[in-house]
Amino acid sequence: SGACRWLEFVAVAIFAFELTRSPELVALITVLRMLPYVALGFLAGAVADAVDRRAFMIFAVVVMGGVSAAMAVLAALGSAGYWAVAASTMVSGAFWTTDMPVRRRLLVDAAGTGQVASALGLDNSTTYATRAVGPLLGGVAYGLVGISGIYAVIALSYVVCLVLAVRLSIAATPASGAARFDWRRLLPPRELILERRFLVILGVTLVYNLWCFPFVTMIPVIAQRDFGLIPALVGALAACDGIGGTLGALLVGMVASDRTLFRFYYLGPLIFLVLVLVLSQYLAVGLAIPVLVLLGIAQAAFSATQYALIYVMSPPEMRGRATGVLSIFIGSSMLGHYHAGLLFERLGSAKAMSVMALEGVAVMLVLGAIWAWPRKARAEDRGAPWT
């Protein structure tokens, strides 16, 4: 599913840019991809707390396979225009709202509480490996078989996912206390919403999705507009941060512990933004390649610890809803992508990158101050998994 995600991500961005020649409309595709996080993210988390998560995952995979097959047919018939692709992208976004409360929950439940950081580090290494391979293959495949062939490959890949999901034997029953669905579970857990540590975690998530991840989606635009690369090389450039992310996720899995989770989580976006600012001062392929690898490492420090923090600080019966609240903040990236699209459209790539980086760094410094002050609050948090 990770390979499907990034294969589609790059191919659809190339296709949308070819159709419209507009960075703003390319960014809109990603906005629509993230809209379900806001609209459905909390609901997906609440349902995941109350149902068989294995069955939930099977259902989601079947839907994605069907949608991908339908898009392959439409594209082959020449009917897959911009808005058809946009609609399928929204369905894909809805599918990814289930990743943390369902798939990752199954993963860490199987690993056990003491190995959450290691399990998620390994999981993120596979995510970033597919993030490296997906864009690379996406660029090459797009040049060979077009968007219809891309969707056909994705549909076949979801068939493989279905076979694996059906064979899954891990216990996936609702957590204790969540066996019966209660409509009150559709409300955010008050205990977490009032928790300072949880609010800071949400703040860092907000920064990443408003200023960091939107830059990643602009890489195909930079590669085509500023560097003049062909689709195969666009995919190769987009794969660089996936390579760095694979290395970074493996590193986090080896060295992170419950006590260092938040340090990785916070420093990842901050370093990412500083690197974008550096690249904006000299926007060239020669500098972009190593910077994108380093950006991947920084992203891995963030993403490999995001769900781990939620998992270790939330009671079992609240983990789905906690990730649901997190999903809403992840969904803020639709605003970030639109913001990035406007900046890249009106200011050009280098100036847009500088503005995004400086805005994000300013907010991160405020969050860092909240983290470090007041001392009394820090003392109360001593021993918690974010210190």
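Read on for an overview of the structure. (Residues numbered from 1 in each chain as written. Predicted model: local features only at pLDDT ≥ 70, side-chain atom pairs only at ≥ 80, totals over all residues. Heavy atoms only, no water.)

The helix and strand tally for the chain stands at 17 helices and zero strands. Put simply, the chain has 387 residues, and 57% of those count as buried. Here the contacts in the chain between residues at least 6 apart in sequence split such that 87% fall between residues at least 24 apart. Per element, the accessible surface of the chain, about 15,500 Å² overall, is 70% carbon and sulfur. (Helix = DSSP H or I, 4+ residues; strand = E, 2+ residues; numbered from the N terminus. Buried < 20%, exposed > 50% of the residue type's maximum accessible area, 1.4 Å probe, protein only. Contact = heavy atoms within 4.5 Å. Areas by Shrake-Rupley, 256 points an atom, 1.4 Å probe, with all protein chains shown as cover.)

Take helix 13 (residues 285–313) next. Across its 29 residues, helix 13 extends 42 Å between first and last C-alpha, which sits within 8% of the 42 Å expected from 1.5 Å per residue. The largest bend in helix 13 is about 30°, located at T305. (Expected span 1.5 Å × (residues − 1). Bend = angle between axes of the 7 residues up to and from the residue.)

To continue, consider the pattern of salt bridges. Tallied over the entire structure, the rule returns six salt bridges. D123 serves as the salt-bridge partner of R103, at 2.8 Å between the closest nitrogen and oxygen. One end of the pair, R103, is in helix 5 (residues 99–111); the other, D123, is in helix 6 (residues 116–167), and 20 residues separate them in sequence. A relative accessible area of 23% means that R103 is categorised as partly exposed. For R105, the salt bridge is made with D109, and the minimal N-O distance between the two is 3.4 Å. Here D109 and R105 lie together in helix 5, a separation of four residues that amounts to about one turn. Several salt bridges share partner residues, and in doing so they unite D99, R103, R104 and D123 into one network. (Salt bridge = Lys/Arg side-chain N within 4 Å of Asp/Glu carboxyl O.)

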